[in-house]
Amino acid sequence: MPSLNGVLQPRDFFNVVLSGVSPKVLANDWISASPTEIDRVFNTLQNENLSSLNLPGLMAKGMEWIKSNGKESKILLFSSSVSEGDLGVSNELIRELSLIKGNTEIPFYIVDYARHNAPNYRINNRNYWGNEYFYLNWSRLTKGDYAQQYYCCSDFNLLSAGVVDVMTTEKADLDLHTSLQSGFCYNRYNLNQLGEATTLRQPILQVGRYQGNWPFVVELSGKYANNLFFNATAVPLTETYVTDSTGADTWAGNYISALERPGSSNNAIAAEIINASIQRRILSYYTAFLCLEPAQGGEPCLSCLDRSQGPLVSTQDLQDSLIVSKISPNPFRERVMIRLQFKDLIDLSNAKILVYNHVGQVVRTFSDVPKGKIQNLELQWDGRSDGGAEVPAGMYIFRLQTPTGQYSRKLMKLEH
């Protein structure tokens, strides 16, 4: 796995446990993580006949070998198994693996690349695909991490790069507070959630508003390697960059999403959502219809004829017809995968699949829409327009339109 090169150092060590009916450890002792050894070991794996039939045995073998050979260790698990997703099977397996692990700290970083034959399980009012329930809970219990890579690739270099980086990156508990030396900040929204096990190599992204005069003050406190720390930095205005409308749109989108939280709706909040949505030109649950409101400057054309020969689109939301709705990653930088699974067959013969920008312009039309009745729809958008140009960072709307209803979701594209 060349992705280990540049991440592990020669002072580090690794080993490989191979899956199969009887899982086996590749080497009797730890292997030096030099680039030469990494290449040599993984070149030898090309001829191995691997199987995903004995995932519990593979995991148990890895933990037992680590407990017998000492050293602080982490396990990076690549798996295409789909046999442990049932609630009863998962919970029993977690119990048995916990007994094997005992009090030893062995974080599991799991890459799940099961393909499209994975079954779905309804657990605690949520759908889990394949082994997702098992992997999610086991990685949390061991203080590791879990990544779904169903659509990523068959190349292990690409498949593993992100998870290897997360596995080997140092982490800390962090709290970020921003203010001005003469003023204050408010309406803050973290674009990547701060909390336990914040990855130190990743930037902390926050949008918000402020009143007052610069310098800007950033206060960072937390715990790293069991040591508490605090640091305050003043940022002068000369060291800042003026953003474009994307920054304001990002803040407004988070603000409206916060107002739309389930259980928090009342007339005053609805009015604030409508006002913010109109002012910032960002769609919300309340304003998708306002483009035709005469009070908002629009006049419907009652005498116009539809010459497009396209389908008449109902306002019915297809969300209730879905079993699975998965858009990942979102926000995204280079490409986003969209997977929809419907309860019943749905006819897409006269459907349209479009991506709109934040002012309602169509930037991408999917021409390869499957015809006839289907139950699963899988699409990929590479962040480019119909003309092939990369679209700028910002908020976009993915929409599936059918004669019986429509499905829309927000997409957030970040800068590279």
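Please read these numbers as outputs of a predicted model, since none were measured by experiment.

Points about the sheet that holds strand β16 (residues 352–357)
Whenever strands of a sheet pair, they do so through backbone hydrogen bonds, lying parallel or antiparallel. Read across the sheet, four strands follow the order β17-β16-β19-β20 without closing on themselves; strand pairing throughout is antiparallel. At either margin of the open sheet sits one strand with a lone partner, and together these are β17 (362–365) and β20 (405–413). Looking at each pair of strands side by side, their axes are set apart by 25° on average, direction ignored. With nine bridges joining them, strand β19 (residues 394–402) and β20 adopt antiparallel strand pairing. Bridging across to β20, isoleucine 397 finds its partner in lysine 410.

Brief notes about the packing of helix α2 (residues 55–69) against helix α3 (residues 87–101)
With their axes 9 Å apart at the nearest point, α2 and α3 run at an angle of 15° to one another. As summarised for this structure, α2 and α3 are arranged roughly parallel, according to the angle between their axes. When the axes of α2 and α3 are compared, the crossing they make is right-handed. Across the interface between the two elements, Pro56, Met59, Ala60, Met63, Glu64 and Lys67 of α2 pack against Leu93, Leu97, Ile100 and Lys101 of α3. Classifying every residue of the contact of α2 with α3 gives seven nonpolar, no polar and three charged.

Here's the deal with the sheet that holds strand β9 (residues 145–148)
In spatial order, the strands read β5-β6-β9; together these three strands make up an open sheet with parallel pairing. Whereas interior strands pair on both sides, the edge strands pair on one side only; in this sheet they are β5 (75–79) and β9. Strand-to-strand, the axes of this sheet are offset by a mean angle of 10°, without reference to chain direction. As paired elements, strand β6 (residues 108–112) and β9 share four bridges and run parallel to each other. Residue pairing across strands places isoleucine 110 opposite tyrosine 146, the latter belonging to β9. The sheet strands contacting α2 are β5 and β6, and the helix crosses β5 at an angle near 165°.

Some details on the packing of helix α6 (residues 245–259) against helix α7 (residues 267–280)
α7 packs onto α6 with a crossing angle of 160° between their chain directions and a minimal axis gap of 10 Å. By the angle between their axes, α6 is roughly antiparallel relative to α7. Of the two elements, α6 crosses α7, and the hand of that crossing is left-handed. Together, Ala248, Asp249, Trp251, Ala252, Tyr255, Ile256 and Leu259 of α6 and Ile269, Glu272, Ile273, Ala276, Ser277 and Arg280 of α7 make up the contact between the two elements. Residues of the contact of α6 with α7, tallied by class, amount to nine nonpolar, one polar and three charged.

Some points on unusual backbone geometry
The peptide bond linking serine 328 to proline 329 adopts the cis configuration, its omega dihedral lying at -10°. Note that the residue after asparagine 330, namely proline 331, is joined by a cis bond; omega there is 15°. Position of proline 331 among the secondary structure elements: in the loop between β14 (322–328) and β15 (336–347). Backbone geometry places lysine 143, a non-glycine residue, at a positive phi of 65°. Relative to the elements of secondary structure, lysine 143 occurs in the loop between α4 (132–141) and β9. The phi torsion at asparagine 187 lies on the positive side, around 50°, for a residue other than glycine. On the secondary structure map, asparagine 187 appears in strand β10 (residues 171–190).

Basis of the calculations
- Residues numbered from 1 in each chain as written.
- Predicted model: local features only at pLDDT ≥ 70, side-chain atom pairs only at ≥ 80, totals over all residues.
- Heavy atoms only, no water.
- Pairing = 2+ DSSP bridges.
- Helix = DSSP H or I, 4+ residues; strand = E, 2+ residues; numbered from the N terminus.
- Axes fitted to C-alpha atoms, helices over the stretch in contact; angles between N-to-C directions.
- Parallel < 35°, antiparallel > 145°, perpendicular 65-115°, else oblique.
- Left-handed = near helix turned anticlockwise from the far one by under 90°.
- Contact = heavy atoms within 4.5 Å.
- Nonpolar A, V, L, I, M, F, W, Y, C, P; charged D, E, K, R; others polar.

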